[in-house]
Amino acid sequence: MADSVTTGPRSVRDASEPADESGSAAAPEAPRARGSLRRRLGGGVVFLVLGLLFVLPWGTLFAFGVDWPFPVFLAGTVLFAAGLVSFPYLMAAGHGKRHDDRASRIADTMLGVVWVLFTWSVVGGLAHLVLMTVGLGGVGPARAVAVAVAVVSAALLGWGHHEAMRVPRVRRQDVTLPRLGAGLDGTRVVVLTDTHYGPIDRARWSARVTEVVNTLDADVVIHAGDIADGTAERRREQSAPLGAVRARHARVYVTGNHEYYSGAEGWLDRMGELGWELLRNSHVIVERGGDRLVVAGVDDVTAESSGLAGHRADLRDALAGTDQDQPVLLVAHQPKFVATSAAAGVDLQISGHTHGGQIWPFHYLVRVDQPVVSGLSHHGERTHLYTSRGTGFWGPPFRVFAPSEITLLTLRAA
């Protein structure tokens, strides 16, 4: 690590600066106070949301009109109180400077469980209100709602965990590109994204994903970013099977936002070591049957704020030197880059990032930030966007109504 260098004096006061009664320059209290206020407000919002996530399910299951025997109420209260108190510490240990994988596994699982319980507690609460409006209030209906919320949540969590941990199904999609030459008709593009190798060791899962990819006879294989949570060295075993992925013409990789939390340079080195082409605002040409396809890629849109020199999303650089009459397939991790792609006349953008929402109904929140949550969409006069639901999962090891996918796109000439 480079030594810290001080380039100037610690304190220099201009003659025009106001001084306090002791003759010292007045400190810029107002900006510091505003920053401190914002941090306190932000922390308050986080704790309010966290409280709601735990308190509403606790109330639905153990407190709001259910009148369980005291030992049941006490056990439920102790369980939820312990979760509420321990969760912030486990998250800090797992995702903070310590990077404790065990703490991360527990915290992430708790987050998934409490989110599902919260969601169905809201649904149950609305159902209970309807029952009360038709004169069916009292202990019996309240207990029926509590039991229903518990049963539905348990079933969805069990199924969702299975969906998260399984090898993804192959999702097949034809994409017609009017500028695609006849020689490129039928080009097979396999998309992996959001593998999120992380605290749960999924080396065997990664190997099985590679086996599936290699059955698809791909011309091009894409990894569209968010490869892992953790450094390349820490997730080395889980990423190793990517070296065995086969493609007839190219294997290409772009960074996602999570690379910039996990040592982006290390992951670029690792993917290069595994034989993948790094598309950092650059492109490769795929030629087939006498026709050409530009396969370009850009850094994630968060790259410029990462502090890493030269990291940024730059479509102009990515397409520099290309023939403007040739069709362009662009890999950009986040769907919202499509506004730039459409303005530049890109034929097809391939993205991930959204996970399809991962755990229902989170996709409504994703939609606030991104133009598309999953699937094929059309933007501007020419540009198609394919948004994958992702191959792995982030954080909570659950996928509810948002299955993972290995995507096979078959490009078709008009």
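Notes on the structure in this doc start here.

### Observations concerning the overall build of the chain
Logical step 1: Helices and strands together make up the secondary structure of the chain, namely ten helices and twelve strands.
Logical step 2: Out of the 414 residues belonging to the chain, those deemed buried represent 46%.
Logical step 3: Considering only contacts within the chain whose residues lie at least 6 apart along the sequence, 72% involve residues at least 24 apart.
Logical step 4: For the chain, the computed accessible surface area is about 20200 Å², with 59% contributed by carbon and sulfur atoms.

### Side note on the pairing of strand β9 (residues 348-351)
Logical step 1: Side chains Leu348 and Ile350 of β9 all project onto a buried face; the interleaved residues Gln349 and Ser351 project onto the opposite face, where all are buried too.
Logical step 2: Pairing of strand β8 (residues 328-331) with β9 involves three bridges; the strand directions are parallel. Each bridged residue has a counterpart across the sheet, and for Leu329 the counterpart in β9 is Leu348.
Logical step 3: In terms of handedness, the path from β8 via helix α9 (residues 338-344) over to β9 forms a crossover that is right-handed.

### Observations regarding the sheet that holds strand β2 (residues 187-192)
Logical step 1: An order of β1-β12-β2-β3-β4-β5 is seen for the six strands of this open sheet, with the pairing classed as mixed. The open sheet has two free edges, formed respectively by β1 (169-177) and β5 (277-278), since each of these has just one partner strand.
Logical step 2: Bridge analysis of strand β4 (residues 250-253) against β5 gives two bridges, and the strand direction is parallel. Each bridged residue has a counterpart across the sheet, and for Tyr253 the counterpart in β5 is Leu278.

### A look at the packing of aromatic side chains
Logical step 1: Inspection of the entire model under this criterion finds eleven aromatic pairs.
Logical step 2: Centre to centre, the rings of Trp58 and Phe73 are 6.3 Å apart; their planes meet at 50 degrees, and the pair counts as tilted. Placement of Trp58 in helix α1 (residues 29-63) and of Phe73 in helix α2 (residues 70-95) is noted, with a sequence separation of 15 residues between them.
Logical step 3: Trp58 sits in the partly exposed class, given a relative accessible area of 21%.
Logical step 4: Judged by its relative accessible area of 28%, Phe73 falls in the partly exposed class.

### Some words on the pattern of salt bridges
Logical step 1: Under the counting rule described, the total for this entry stands at 19 salt bridges.
Logical step 2: Measuring nitrogen to oxygen at the nearest pair gives 3.0 Å for the salt bridge that ties Arg169 to Glu163.
Logical step 3: On the basis of relative accessible area, Arg169 is assigned to the partly exposed category, the value being 39%.
Logical step 4: Relative accessible area serves as the criterion here: at 5%, Glu163 is assigned to the buried category.
Logical step 5: Between Arg312 and Asp314 there is a salt bridge whose closest N-O contact spans 3.3 Å.
Logical step 6: On the accessibility criterion, Arg312 (30% relative accessible area) is partly exposed.
Logical step 7: Salt bridges linked by common partners bring Asp217, Asp219, Arg248 and Arg288 together as one network.

### What about unusual backbone geometry?
A negative phi holds for most residues other than glycine; trans holds for most peptide bonds.
Logical step 1: Residue Trp360 is joined to Pro361 through a cis peptide bond whose omega torsion reads 5 degrees.
Logical step 2: Within the element layout of this structure, Pro361 appears in the loop between β9 and α10 (363-369).
Logical step 3: Positioned with a positive phi, Asp217 is a non-glycine residue whose angle comes to about 55 degrees.
Logical step 4: For Asp217, a relative accessible area of 44% puts it in the partly exposed group.
Logical step 5: Residues other than glycine seldom take positive phi values, yet Asp226 does so here, at roughly 55 degrees.
Logical step 6: In this fold, Asp226 is placed in the loop between β3 (220-223) and α6 (236-239).

### Concerning a nonpolar patch on the surface
Logical step 1: Together, Val122, Leu126, Leu129 and Met132 make up an exposed nonpolar region whose accessible area comes to about 360 Å².
Logical step 2: Its location among the elements puts Met132 in helix α3 (residues 101-133).
Logical step 3: Classification of Met132 by relative accessible area gives partly exposed; the value is 42%.

Rules of the game
- Residues numbered from 1 in each chain as written.
- Predicted model: local features only at pLDDT ≥ 70, side-chain atom pairs only at ≥ 80, totals over all residues.
- Heavy atoms only, no water.
- Helix = DSSP H or I, 4+ residues; strand = E, 2+ residues; numbered from the N terminus.
- Buried < 20%, exposed > 50% of the residue type's maximum accessible area, 1.4 Å probe, protein only.
- Contact = heavy atoms within 4.5 Å.
- Areas by Shrake-Rupley, 256 points an atom, 1.4 Å probe, with all protein chains shown as cover.
- Pairing = 2+ DSSP bridges.
- Right-handed = clockwise from strand over helix to strand, strands pointing away.
- Phe/Tyr/Trp six-rings, centres within 6.5 Å; stacked < 30°, edge-to-face > 60°.
- Salt bridge = Lys/Arg side-chain N within 4 Å of Asp/Glu carboxyl O.
- Patch = residues over 30% accessible without salt bridge, like charges linked within 9 Å, V, L, I, M, F, W, Y side chains within 5 Å.

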